[in-house]
Amino acid sequence: MEPSSGATVTTVKGYACQRRTPLQHHNTLLTDALLVLAENAEFCENEGRSVAFRRAGSVLKALPQAVRKMEDLQGLPCLGGHSQRVIKEILEDGKSREVEMMLQSKQYQAMKALTSIFGVGVKTAERWFREGLQRHTDVVNSGYKLNHTQQAGVQYYDDLNTPVTKAEADAIGQIVEEAVQAVLPGAEITLTGGFRRDKLTGHDVDFLITHPEEGKEEGLMPKVVSWLEARGLLLYQKTNTNSYLESTDGPARPSHNMDRFERCFSIFRLERPHARPEQHPQATCEEQPQDDDSARERRASQSPGWKAVRVDLVVTPVSQFAFALLGWTGSQLFERDLRRWAGQEKHMSLSSHALYDSKQNRYLRASSEEEIFAHLGLEFIPPAERNA
Ligand code: DGT
Ligand code: MG
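Small disclaimer: the values here were computed from a predicted structure and weren't measured.

Visitor: Please clarify how the overall build of the chain should be interpreted in this entry.
Guide: For the chain, the helix and strand inventory stands at 16 helices and ten strands. Out of the 388 residues in the chain, the part that is buried amounts to 46%. When the accessible surface of the chain is summed, it comes to about 20000 Å², and 49% of that surface belongs to carbon and sulfur atoms.

Okay, structure coming up:
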């Protein structure tokens, strides 16, 4: 369709991995609204719908200018009818009634609050909501039996829901570096995830650990974890051992995105710089707030001298490092579209371990992200432009 006169025509490719998506963009009002719809679809366990809204938002993030009228959307991919209706309403009225109502709804608010507890997924949150729980404090008061992860999620709720800064990520990086060098000199750590895409804050800090000599990295994770635990630096950890070699060594399946690396989900105890010493209750009894339940809970989860920070550690053999780096840098939608592109357009199968070419019936090696993009017939997109 020919755009009407006055419309700003922009060509945007259909896969997120074909586009450059910077961190800062021009359409946050629209993308924030679409994100609410995507989250709500996720809360209803409708993944297809959630991805559709995320894709629509991601296309708007890649535009070089703000959308001002519906004609500006002509020719753009991934914008379904529902997304377009919401965009139209916002362009005309400054907001979408549907999104506003969703934000006000008890169910959306409860699902958002409950799923923001570390260790609580949509299914559990949904059940708790049906049973009348709405906030993390309700979970504490319910007396429900929580698993180890959820206990940590509730205990450190406030800290874990306070964005991690780049300075904090760097401080954690120094600790991880020290731990890794102590147990395996010569091993290398790399900051991945959102911080590698130049995000200023994140919900966690992601690291890859490898060693230039293949095989040296085996068994590294338990040693790193022991080193950290011995120094009281871990508040929580759950380590999965590498199962990639033990499993049937078939082609990497693109739909299977849980990796089989040695991986540690953890919560670090990060000393705050210039932290005030912890206050003794008796010393300040005159200023004590009323000792109601919520005040007690707040104090229990407050940690004046230190902050609880979610950290993911992943150990990879150096032969798989480039794939792991590409797979862990994100964004999630960028990763999803990389795998979709590989499968649908190239008959290849990409994971964070390997790239398999089904036409040639062989794995394609790569020692850098650039080589993987080249194998996939894609222009290289640097990490800071993978914020799809
Ligand atoms: P954040 O932490 O919310 O600021 O944002 P990201 O982008 O760092 O997101 P995060 O930490 O959940 O994950 C980092 C990237 O790693 C993400 O973009 C996709 C990838 N990723 C996360 N979990 C898995 C996993 O289990 N397997 C694989 N292959 N990739 C994962
Ligand atoms: Mg992250």
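Right, picking up where we left off after that structure.
Visitor: Help me understand the sheet that holds strand E10 (residues 362-363) in this model?
Guide: Sheet strands pair via backbone hydrogen bonds, and the direction of the pair is either parallel or antiparallel. The three strands are arranged E8-E9-E10 in an open sheet whose pairing can be described as antiparallel. Pairing within the sheet leaves two strands with one partner each, and these edge strands are strand E8 (348-350) and E10. Across two bridges, strand E9 (residues 355-357) lies against E10 in antiparallel orientation. The residue bridging Asp357 from the neighbouring strand is Arg362, located in E10.

Visitor: So what exactly am I meant to see when it comes to the packing of aromatic side chains here?
Guide: Any pair of aromatic rings gets described here by the distance separating the centres and the angle formed by the planes. All told, the structure shown has eight aromatic pairs when counted by the stated rule. Aromatic pair Phe118 and Tyr236: ring centres 5.4 Å apart, planes at 85 degrees, arrangement edge-to-face. With a gap of 118 residues between them, Phe118 in the loop between helix H5 (106-115) and helix H6 (122-130) and Tyr236 in strand E5 (residues 234-240) connect regions that are remote in the sequence. Of the aromatic side chains, those joined through ring pairs into one cluster are Phe334, Phe373 and Phe380. A cation over an aromatic ring shows up here: Arg231 above the ring of Trp227, its NZ or CZ 3.9 Å from the ring centre.

Visitor: Would you mind showing me how to read the confidence of the model for the chain here?
Guide: Of the residues in the chain, 86% reach a pLDDT of 70 or more, and the chain-wide mean stands at 90. Low pLDDT (under 50) marks residues 246-257, which in the prediction has 16 contacts with non-local residues, meaning those over four places away or in another chain. With pLDDT under 50 throughout, residues 278-291 is counted as low confidence; its partners more than four residues away or in other chains account for ten contacts.

Visitor: Help me out: how do you make sense of unusual backbone geometry in this one?
Guide: Excluding glycine, residues mostly have negative phi values, and the peptide bonds linking residues are mostly trans. In this structure, Ser331 follows Gly330 across a cis peptide bond, with omega equal to -10 degrees. Tracing the backbone through its elements, the reader meets Ser331 in the loop between helix H14 (321-329) and helix H15 (332-346). Non-glycine residue Cys78 carries a positive phi angle of around 65 degrees. Tracing the backbone through its elements, the reader meets Cys78 in the loop between helix H2 (47-61) and helix H3 (81-93).

Visitor: Even after reading the chapter, I still don't get the pattern of salt bridges, so can you show me in this structure?
Guide: Proximity of charged atoms lets side chains of opposite charge pair with each other. If you walk through the whole model with that rule in mind, you get 19 salt bridges. A salt bridge links Glu47 to Arg336, with the shortest nitrogen-to-oxygen separation between them at 2.4 Å. A residue pair is termed long-range when its members are at least 10 positions apart, and Glu47 in helix H2 and Arg336 in helix H15 qualify at 289 residues. Given a relative accessible area of 52%, Glu47 falls into the exposed group. The structure contains a network of salt bridges with shared partners spanning Arg20, Glu379 and Glu385.

Visitor: Got a minute to help me understand H6 in this structure?
Guide: The periodicity of an α-helix, 3.6 residues per turn, causes residues three or four positions apart to be oriented the same way. Every buried residue belonging to H6 is among Val122, Thr124, Ala125 and Trp128, and all of these are buried. All buried residues of H6 fall inside an arc of 165 degrees around its axis, so they share one side. For H6, the exposed residues lying more than 90 degrees away from the buried face are Lys123 and Arg130. Residues of H6 that are buried in the fold lie against helix H1 (28-43), H5, helix H7 (136-142) and helix H8 (148-155). Immediately beyond the C-terminal end of H6, within one or two residues, lies Gly132, with a positive phi of roughly 100 degrees.

Each value, and the rule that gives it
Residues numbered from 1 in each chain as written. Chains lettered and ligands numbered in written order. Predicted model: local features only at pLDDT ≥ 70, side-chain atom pairs only at ≥ 80, totals over all residues. Heavy atoms only, no water. Helix = DSSP H or I, 4+ residues; strand = E, 2+ residues; numbered from the N terminus. Buried < 20%, exposed > 50% of the residue type's maximum accessible area, 1.4 Å probe, protein only. Areas by Shrake-Rupley, 256 points an atom, 1.4 Å probe, with all protein chains shown as cover. Pairing = 2+ DSSP bridges. Phe/Tyr/Trp six-rings, centres within 6.5 Å; stacked < 30°, edge-to-face > 60°. Lys NZ or Arg CZ within 6 Å of the ring centre and 35° of its normal. pLDDT = per-residue confidence, 0-100. Contact = heavy atoms within 4.5 Å. Salt bridge = Lys/Arg side-chain N within 4 Å of Asp/Glu carboxyl O. Arc of directions from axis to C-beta.

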